[in-house]
Every structure is written in C-alpha cells, then in structure tokens.
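Observations on the model geometry
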Amino acid sequence: EAAVETVGFALKDFDPEGETVPIGRPVWNTSVVVLDSWLRPVGPGVVGELYLGGAQVADGYVGQPGLSAQRFVADPYAADGSRLYRTGDLVRWSQDGQLEYVGRADDQVKVRGFRIELDEIRNVLESHPEVTAAAVVAYDHPAGGKYLAAYLTARAELGEGLREFAAGMLPEYMVPTVFTVLESFPVTVNGKLDRRALPVPDLAAASGTGREPVSVAETALADIFTDVLRLPAGTTVSVEDDFFRLGGDSILAARVVAQAIRRDLSISVRNMFELRTIDELARVHEQAVLEQAAAIEQPPAEPVTLPPSTVLERLRESGQEPDAWVYTESLTMPVVPSARIRSAFLDLVAAVDALRLRVTVMNKRLWLSEIMPPGSAESAGQFVDGAPALNDADVRSLALSHIRITEGLPVALVAVSRGDVTVLMLAVHGAAADRLGVHTLLARLRQTVEGGRVSFPPEASLVAALHQVDVSGEQENAAATSVWAQRLTAATVDVPDAWDATGFTQVDLGAGLSAERVLAGVRAAVAEFGLKHAPDLVFDGEVSLGEPVSGAVGPFTATSPVVALAKADDLVPEQYPLLRFHHRSGRRALKKVPVPALLVTRLHGTGAEPGQREGIEHQYRAVIRWRCDVEGAVVMLLGFSTGAERLLEEALARALHT
C-alpha cells in the first residue's frame, strides 16, 4: 500500500519510563493524518484511525477495484484530487507530536451486547509471565451470537491458571470462552498474523472435565445445555461445566430455562446467571421439589417463569411501553355494596394466574414474564370506587391508569354506583388475557357478586398452556415460512385514500344473525373493499392458540394474515403465529415481514371506547371490530376514510341481507 517506510522514530529519543514506544512521525515525501469516524482530525491524546498520503502511497490493488475503493479514499482536505490510504490502525498523537500505536479498528467486535477491543484482551493475556504471545478472535457461535477464542504461545503448561488470571483483570464478558495453546502462530508472507490459518477452536474442549451427570435432573440439564449450545454430537458435559464458559449468553440462558420448565425442572433465569453449572442448578431444582412436597397445599412462594406469549413478543418488538396494550369491558348490574365487589375481585385475582402476571424488561431484545404468588402485589389498590359523576370515558381512563404490569399489576376494576345500578369497568393487560378472556373474567366476577362465593372449575395452568403453545410452535414445519413471507409481501401495498386516523362509524346489523354469518359478511365486505382499492389486499384475522388447554384465561388470541380476494389454500391460519413467535428459525425468517394495515377483530362485550384503539389494535392503520350477541350484531369501523366507510357499509348490507 505504501513503499518501504512511511513513519519513523529515533530510538535515541525513547523514554524508558514511558508507557509505549512511539511509531514516530512521517518521513520525507509522506503525510499522515489521524481522523475520527466522520473524517475529522483529532487532537493530541484522542484515538483515531491512521491515514497515509504522499508520493509513496500506491494507486490501489491490482484487479480489485472494490477493495481499492474501500481502502484508498479521497483526501477530504486536498483540492488536487489526491488520495489517502486508510490503514485500519488506531493511533493517537502524543503531546510532543509523535504517533503512538493503540490497536486495529477492525479488531473491535460486539459480544453479548458489549463492544469489545480484542487488543485489550490480548494485552492482558500477554502480561502473564508465562505467555510469550497471544491473539484473540471472535467467532460465530453455533447457537447464535459470538464467542471469544484466545490463541497463545507459552513457556510452560498453564491449565486453568490463565483463565483465572484473565478473570481477575477483565470483566466476565471479556474472558475468552476457549484457550488454545500453539507452538507458533501462522503468519502471512508479510510476517503478519494469518487469522485464517488459525485452528478452529473446540468449544467442546471446555466441557467434560468434571463429574458426569448422575441424577435425573443433572442428566436433563446436560441434554438441555448440549441442545441449546449446539455442542457437537458426542460431547460430554460434566456437572461442573460453566454454561457461560461454553459460549452461553443471556438469550441462550432464557432458552435453557424454557426447556427446563417443559421438563418440570424448577430453575429461573436468575439461577442461570448466579449458579451457572449443572450441579448447582440441579441442587436448586431438588430443593424446590423437597419444599413442594413439604407444603403441597401451599401456593408457591416464588414467582413462576413463563415462556413469552405471542402478544408480549409483539408488544416488545413494537417499541411501545410495557403498559401500552390493554383491553377493557364494562357491564351494568343492579346496585351492590362496594365491599362485596372488592372481595369478589380480590378472590378472582388470587384464583387466576394471568391476573398476577409480571413483566421484567431486561433490554430491547428480552422481556421476561412470570406469575407472582397470590398476595405478593398490592392488588387491593387495583379496585377503585369511582365517583358517580364520572362518565364512561373517564371510568375507562381511570381503570387504564392503574395498569402496571412491571409491578405485577396487570388488572384493574373500577366500580361506579349511579342511582339503582352499578357500572363495572374491567381493564386487563393484553399479555394477561385476550378479549375473550376479559369477557370470561367479567362474567365470573358478576356471578360471584350476585350469588356470593361461587364454586368454579379449577383454573387451568397458564404456565402449562403457554408451554403447550411453545411446544406446538417448535413442532411446526419451518419450510412453510417462505410461503407465509410471500403472502405478506402484499401487506406493503398502501391505500392512502382509504385511511383516516380519526375515522369512526358504527353499523348496527340488528338481531337474528349468527356469529359465523356476521364474520362471513365482514370478510365479504373486506374482499369488496380490496377489489376496489387494492386487489392484493392482505388483512389480519384472529386465530386461537389456546385450544389444547381450554379453560385457561390468557393471551391465546393471535393474528394470521389473510388474502382478501384469494381462494382457499392449504395454509393453516394458526401456523403463522406459531412459526413467527414460537419457532426458532421461523422467528428469524419472518421477523422483518410487514404487518398488514387492517385488522378484523371480535368484541365479546361492551366497554371498548368508540374510536380508541385497544391492545394489539395499536399496530394497525384501520380496524374492523364486530360483535354478535343476544342484543344483536354490531360492526365498528376505525381508521377509514368517509368513502371507504360508505363502501364497507354497502358491502355489508349486500352480504348479510341478500
């Protein structure tokens, strides 16, 4: 890239007390500049990238125009069109005008969310008295993410002593996963380290050095470690092996916990970070089994970890606040004492797992959910006696203001007495219950209030229900992801004349219609809307993921894309949310697909504020709500322009009354 010599330093000027040996100043006929990432010169002591200029700089790489354009760049401070060579070296100017070498710009990597300078780790390893040279490389982990591998030459056998030495001087996430001792480093013809010639590190080498698993819990955890970490077949994992030394990270730790719970092992994400080994984790599980046997009739004293639900994952990916998606429903009943309503509400919260859901935001990529034990949160404050003067909109707002799912408070109830009636407004976070679940809870609350203590069937376990959904997702055929992705390409089609964020109208369809007929009429109207505005229109319809564990209240309603004008095909609607949120490769393949502009959703009661979005509706430009009960059928149109509303109303009339 440059002929012979570009910078030099006279050793007679070297200060033995100095921290580094400078690389000097530019020689005659050469210029150097130190620039930041915006190509601005940096001052003394500030690290920047070294650029070379002058007569000695080459014109480029022969036959490699792309690489030449990347490394030989225009000089931003020259008017004659001359170029600079971008070395990739990180340097800084000293106070006396000497260049000091710091490292390589291309040696900066991101591991487990942390940005790391590989040379910083290398320097620590080389400071060990028995290490003669070291290099650190970041590799792709078979289970996803990256891990650090250290290579070194040494004067003596080091064993685990070098790892302990590094752990004493570096943060835990900077300690290499694998240490490989070489007789010598491979080098290129130019005498530089040949990273491509380094042997592939053996992740399995960090395992199997201790006792083999014996108990059922230890064997199960060893299988889970091997599966989650994608260790090679035949790898022996010992009970003393550290999960994070084998290349694990926070995401993989959560997967271990999810698999462990499916096998009835009582461990948490916190246990993974604090205990780390199979031996210690198995002890935690065995202790939990003993405690459960000793107090089989007592409620759990610790939170129970849940796998992430479809709704919670969608909320996390949306970037909205944890309390953003809430559903409401109201009912009017003969006036009853406030104390009776409060007692019934607290009994309901204690009996239903979903109403004690707590979400912990770890980072943008990881939200954890767990069921809190009864009485662990201040649920009494979630019941509010509202003033009689409050209108329905104010009552709803009051209920919404009490939702704090990060504190284990996903539910609130407001009671307002008006003359001889009491109005109840129930608000439940969308990650705790879907609209059908909210309706079921309110009906159960009414029965208890009107009839005293009512004996209901045992509540199905939300933990078991969500685990069943997760298992169903992992069993889906990953080959179908490409078909679903193709279907959703049409979701990007915009219909600007059809939308109006403030638009709202309600269509009363009268009595005598079945739910099946109303839904068919709505879909026929959407098809006619698509025929006029967008022949390739895709909308989201609702599917249930809770069938395998009927009876549980929870977030079991998901959405699946529907082509408005398409004929029937072999795709099963439930397959899309299972692949998108509960299948390892499906989640990656479908993460970037667009969300359709339109949602068709069913209401099971009254209370949702007209014109105001609730729950998952916040992700859509327009929403069609429909309700069908003994009082009649209603369709609500949110987010449509006046012309689109008229078209849909006329299409509904033709579909339902011809």
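Our structure's up above, just so we're on the same page.
Residues numbered from 1 in each chain as written. Predicted model: local features only at pLDDT ≥ 70, side-chain atom pairs only at ≥ 80, totals over all residues. Heavy atoms only, no water.

Observations regarding the overall build of the protein
The cut-off we apply is this: Only runs of H or I of at least four residues qualify as helices and only runs of E of at least two qualify as strands under DSSP, and these elements are numbered from the N terminus. Exposure classes here rest on a 1.4 Å probe applied to the protein chains alone. A residue is buried below 20% of its type maximum, exposed above 50%, and partly exposed in between. We call two residues contacting when some pair of their heavy atoms lies within 4.5 Å. Accessible surface area values rest on a Shrake-Rupley calculation with a 1.4 Å probe, where residue burial reflects the displayed protein chains alone. Positive: Lys, Arg. Negative: Asp, Glu. His and the chain ends are not part of the count. Charge coordinates come from a single atom per side chain, which is NZ of Lys, CZ of Arg, CG of Asp or CD of Glu.
Assigned secondary structure in the protein consists of 17 helices and 25 strands. Here the C-alpha coordinates of the protein stretch approximately 100 × 70 × 50 Å along the principal axes. With 658 residues in all, the protein has 47% of them scored as buried. Of the contacts formed within the protein by residues at least 6 apart in sequence, a portion of 66% connects residues at least 24 apart. As displayed, the protein has an accessible area near 31,900 Å², and 52% of this comes from carbon and sulfur atoms. Distance between charge centroids for the protein: 4 Å, based on 60 positive and 86 negative side chains.

Structural notes on the sheet that holds strand E13 (residues 304-306)
As a reminder, the rule being used: Two strands form a pair only when DSSP identifies at least two bridges running between them. Working convention: axes come from line fits to C-alpha atoms, limited for helices to the stretch in contact. Angles between N-to-C directions cover 0 to 180 degrees.
Spatially, three strands are ordered E13-E16-E15 in an open sheet, and the strand pairing comes out antiparallel. Edge positions in the sheet fall to E13 and strand E15 (357-363), since each of these pairs with one other strand and no more. Neighbour to neighbour, the strand axes of the sheet diverge by 35° on average, direction disregarded. Here E13 pairs with strand E16 (residues 366-371) via three bridges, running antiparallel. When the sheet's bridge partners are listed, Thr305 is paired in E16 with Glu370. Running at roughly 145° to E16, helix H8 (residues 310-318) makes contact with E15 and E16 of the sheet. Along the sheet, helix H12 (residues 462-474) makes contact with E13 and E16, crossing E13 at roughly 30°.

A look at the side chain of Asp470
Mapped onto the elements of the fold, Asp470 is located in helix H12. With a relative accessible area of 7%, Asp470 lands in the buried category.

Observations concerning helix H14 (residues 515-533)
To keep things clear, this is the line we draw: Each helix should span, by expectation, one fewer than its residue count multiplied by 1.5 Å.
The end-to-end C-alpha distance of H14 is 27 Å, a good match for the 27 Å that 19 residues give at a rise of 1.5 Å each. Taken together, the buried positions of H14 are occupied by Ala515, Val518, Gly521, Val522, Ala525, Val526, Ala527, Phe529 and Gly530. On its buried face, H14 sits against strand E20 (499-510), strand E21 (538-544), strand E23 (598-602), strand E24 (622-629), strand E25 (632-640) and helix H17 (642-656).

Remarks on the sheet that holds strand E11 (residues 146-154)
Taking strand neighbours across the sheet as the criterion, the three strands line up as E10-E11-E12 in an open arrangement whose pairing is mixed. Whereas interior strands pair on both sides, the edge strands pair on one side only; in this sheet they are strand E10 (131-140) and strand E12 (178-181). Going from strand to strand, the sheet's axes swing by 25° on average, the running direction of each strand aside. Looking at chain direction, E11 and E12 are connected through four bridges and run parallel. Residue pairing for E12: Ala150 is matched across the bridge by Phe179.

Here we look at a positive patch on the surface
What counts, and what does not: Patch construction takes residues with relative accessible area above 30% that form no salt bridge. Like charges are linked within 9 Å, and nonpolar side chains (Val, Leu, Ile, Met, Phe, Trp, Tyr) are linked within 5 Å. Put simply, a salt bridge is a Lys or Arg side-chain nitrogen that is within 4 Å of an Asp or Glu carboxyl oxygen.
Together, Lys110, Arg115, Arg365, Lys591 and Lys592 give the surface a local cluster of positive charge. With respect to the helices, strands and loops of the structure, Arg115 is situated in strand E9 (residues 114-117). Of the residues examined, Arg115 reaches a relative accessible area of 55% and is grouped as exposed.

Focus: the environment of Leu52
Residue placement: Leu52 occurs in strand E4 (residues 48-54). As a C-alpha pair, Leu52 and Glu280 span 228 residues in sequence and 55 Å in three-dimensional space. Residues within four places of Leu52 in sequence aside, it is in contact with Ala2, Thr6, Ser31, Val32, Val57, Arg83, Leu84, Tyr85 and Thr87.

Some remarks on the packing of aromatic side chains
The condition that has to hold: Pairing of aromatic side chains here covers Phe, Tyr and the six-membered ring of Trp, requires ring centres within 6.5 Å, and sorts the geometry by plane angle: under 30 degrees stacked, over 60 edge-to-face, intermediate tilted.
Enumeration over the complete set of coordinates arrives at 10 aromatic pairs. When the ring of Phe529 is compared with that of Phe640, the centres are 5.8 Å apart and the planes differ by 85°; the resulting orientation is edge-to-face. Of the two residues, Phe529 is situated in helix H14 and Phe640 in strand E25; the sequence distance between them amounts to 111 residues. This pair shows no difference in class: Phe529 is buried, exactly as Phe640 is. Every member of this aromatic cluster is reached through a ring pair, and the members are Phe225, Phe243, Phe244 and Phe273.

Observations concerning the nonpolar core
Applied cut-off: By nonpolar core is meant a set of buried Ala, Val, Leu, Ile, Met, Phe, Trp, Tyr and Cys residues that side-chain atoms within 4.5 Å join together.
Residues Phe225, Phe243, Met272, Val428 and Leu445 are the most contacted members of the largest nonpolar core, which totals 92 residues. Setting aside anything within four residues of it in sequence, one finds Val428 in contact with Val326, Tyr327, Leu355, Pro410, Val411, Ala433, Val438 and Leu441. Within the second largest apolar cluster, 34 residues are counted, among which are Ala515, Phe640, Leu648 and Ala651.

As for the packing of H8 against helix H15 (residues 575-582)
The test is simple: Angle categories are assigned with fixed cut-offs, so that under 35 degrees is roughly parallel, over 145 is roughly antiparallel, 65 to 115 is roughly perpendicular, and the rest are oblique. Take the far helix as the reference: if the near one is turned anticlockwise from it by less than a right angle, the crossing is left-handed, and if turned clockwise, right-handed.
One way to put it is that H8 packs onto H15 with a least axis distance of 10 Å and a crossing angle of 60°. On the basis of their axis angle, the class for H8 and H15 is oblique. The element H8 and its partner H15 pack so that their crossing is left-handed. Two secondary-structure elements touch here, H8 through Thr310, Glu313, Arg314 and Glu317 and H15 through Arg580, Phe581 and His582.

Considering the environment of Asp323
Among the secondary structure elements, Asp323 is positioned in the loop between H8 and strand E14 (326-334). Accessibility expressed as a relative area gives 29% for Asp323, which makes it partly exposed. Taking the C-alpha atoms as reference points, Asp323 and His402, 79 residues apart in sequence, are found 9.7 Å from one another. Excluding its chain neighbours within four sequence positions, the residues that come into contact with Asp323 are Ile403, Arg404, Ile405, Thr406 and His429.

Some words on the pairing of E11
Just so we agree on the cut-off: If you view a crossover with the strands going away from you and the path from the first strand over the helix to the second runs clockwise, you call it right-handed.
Here E11 lies mainly inside the structure; seven of its nine residues are buried. Pairing geometry for E10 and E11, over nine bridges, is antiparallel. Residue pairing for E11: Val131 is matched across the bridge by Ala154. The turn joining E10 and E11, which pair antiparallel and follow one another in sequence, is formed by five residues; a positive phi near 110° is taken by Gly144. Following the chain from E11 across helix H3 (residues 161-169) to the adjacent parallel E12, one finds a crossover that is right-handed.

Considering a nonpolar patch on the surface
On the surface, a nonpolar cluster with roughly 290 Å² of combined accessible area is contributed by Leu11, Phe14 and Val21. Note that Leu11 resides in the loop between strand E1 (7-8) and strand E2 (25-26). Judged by its relative accessible area of 65%, Leu11 is exposed.

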